[in-house]
Amino acid sequence: YKLLSDGRRQIGAFHLAGDIFGLENGNSHRFTAEAIVDTKVRLIRRQTLELVADSDPLVANNLLNMTTSNLQHAEDHMMLLGRKTSLERVSAFLLEMDQRLTEADVIALPMSRRDIADYLGLTLETVSRALSRLHELGIINFVGNTQRQIVLSDRQKLATIDLQG
């Protein structure tokens with residue numbers, strides 16, 4: 001995430017187990033990383049990574065794939081922030097998390113609604129209203145009291161809402 005001068009926070013990405021992050025163009029990191037669940041992080045010096053990539057084409061190819069994947073995610077996120085309604089943003093977020101998190105039929109969100117709001121460029125209240133609306137439409141259901149476990153009852157309808165933007 002990045003803190004803006006007025007105190008607002010913009011979350012650029014949620015990294016999950018196995019993700020690689022922090023590979024920057026310059027000498028300094030422009031974003032801060034914060035763990036929201038118990039996390040193990042492995043560090044590797046950029047110079048070491050470059051040396052390995054120079055001598056191993058598979059590593060170089062994997063780095064290129066990771067970089068292009070991160071670029072595609074940033075482009076998708078930019079489009080989401082710039083051109084989609086709040087309901088479309090929340091729908092797109094749920095579809096993204098469904099693809100990245102789901103092992104069963106339940107999406108167990110590790111992040112809070114405040115985190116989701118900061119990722120989507122919305123207020124906490126707007127995220128809550130959008131989730132309530134998706135629930136009213138029968139597209140999602142909640143498991144438990146925290147409402148962090150979400151069942152996608154109608155993925156096709158959810159995808160249709162996301163495609164409107």
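You'll find the structure just up there.
This section reports on the structure supplied with the text. (Residues numbered from 1 in each chain as written. Predicted model: local features only at pLDDT ≥ 70, side-chain atom pairs only at ≥ 80, totals over all residues. Heavy atoms only, no water.)

Regarding the pattern of salt bridges
Put simply, the rule reads: Each salt bridge in this description consists of a side-chain nitrogen of Lys or Arg and a carboxyl oxygen of Asp or Glu lying within 4 Å of one another. Secondary structure elements follow DSSP: runs of H or I no shorter than four residues count as helices, runs of E no shorter than two count as strands, and numbering proceeds from the N terminus. Burial status follows relative accessibility: with a 1.4 Å probe on protein chains alone, a residue under 20% of its type maximum counts as buried, one over 50% as exposed, and anything between as partly exposed.
Within this structure, the stated rule accounts for seven salt bridges. Here Asp115 ties to Arg9 by a salt bridge, and the two come within 2.7 Å at their closest N and O atoms. Of this pair, Asp115 sits in helix H4 (residues 113-120) while Arg9 sits in strand S2 (residues 9-10), placing them 106 residues apart in sequence. There is no split in this pair, since Asp115 and Arg9 are both buried. For the salt bridge of Arg9 with Asp118, the shortest nitrogen-to-oxygen distance reads 2.6 Å. Residue Arg9 is found in strand S2, and its partner Asp118 is found in helix H4; the two are separated by 109 residues along the sequence.

Side note on the pairing of strand S4 (residues 140-143)
The line we're drawing: When DSSP finds two or more bridges between a pair of strands, those strands are recorded as paired.
Only one face of S4 is buried, namely the one carrying Ile140 and Phe142, since none of Asn141 and Val143 on the opposite face is buried. Across four bridges, S4 lies against strand S5 (residues 149-152) in antiparallel orientation. Bridge assignment links Val143 to a residue of S5, and that residue is Gln149. Here S4 hands over to S5 after five residues, with Gly144 in that stretch at a positive phi of 85 degrees.

Notes on the packing of H4 against helix H5 (residues 124-136)
Rule in force here: Interaxial angle, 0 to 180 degrees, is taken between N-to-C directions of lines fitted to C-alpha atoms, where a helix line uses only the stretch in contact. For this classification, under 35 degrees means roughly parallel, over 145 means roughly antiparallel, 65 to 115 means roughly perpendicular, and everything else is oblique. In this description, contact between two residues means that some pair of their heavy atoms is separated by no more than 4.5 Å. Polar here means any residue other than Ala, Val, Leu, Ile, Met, Phe, Trp, Tyr, Cys and Pro, which are nonpolar, and Asp, Glu, Lys and Arg, which are charged; Gly is therefore polar.
The interhelical angle for the contact between H4 and H5, taken along N-to-C directions, is 100 degrees, at an axis separation of 8 Å. Between H4 and H5, the interaxial angle falls into the category roughly perpendicular. Between H4 and H5, the contacting residues are Arg113, Arg114, Ile116 and Ala117 on the first element and Leu124, Val127, Ser128 and Leu131 on the second. A class-by-class count of the residues in the contact of H4 with H5 yields five nonpolar, one polar and two charged.

Things to note about the packing of aromatic side chains
Definition in use: Two rings from Phe, Tyr or Trp (for Trp, the six-membered ring) form a pair when their centres are within 6.5 Å of each other. A pair whose planes differ by under 30 degrees is stacked, one over 60 is edge-to-face, and the rest are tilted. Should the NZ of a Lys or the CZ of an Arg lie within 6 Å of a ring centre and within 35 degrees of the ring normal, that charge is described as sitting over the ring.
One pass over the full model with this rule turns up three aromatic pairs. Among the aromatic residues, those joined into a cluster by ring pairs are Phe14, Phe93 and Tyr119. A cation over a ring is seen here: Arg9 above Tyr1, with NZ or CZ 5.7 Å from the ring centre.

Comments concerning the environment of Lys2
Within the secondary structure, Lys2 is located in strand S1 (residues 2-3). Residue classification places Lys2 among the partly exposed residues on the basis of a relative accessible area of 36%. Between the C-alpha atom of Lys2 and that of Ile44, which follows or precedes it by 42 residues, the distance is 22 Å. Apart from the residues within four sequence positions on either side, Lys2 is in contact with Arg8, Arg9, Gln10, Arg30 and Phe31.

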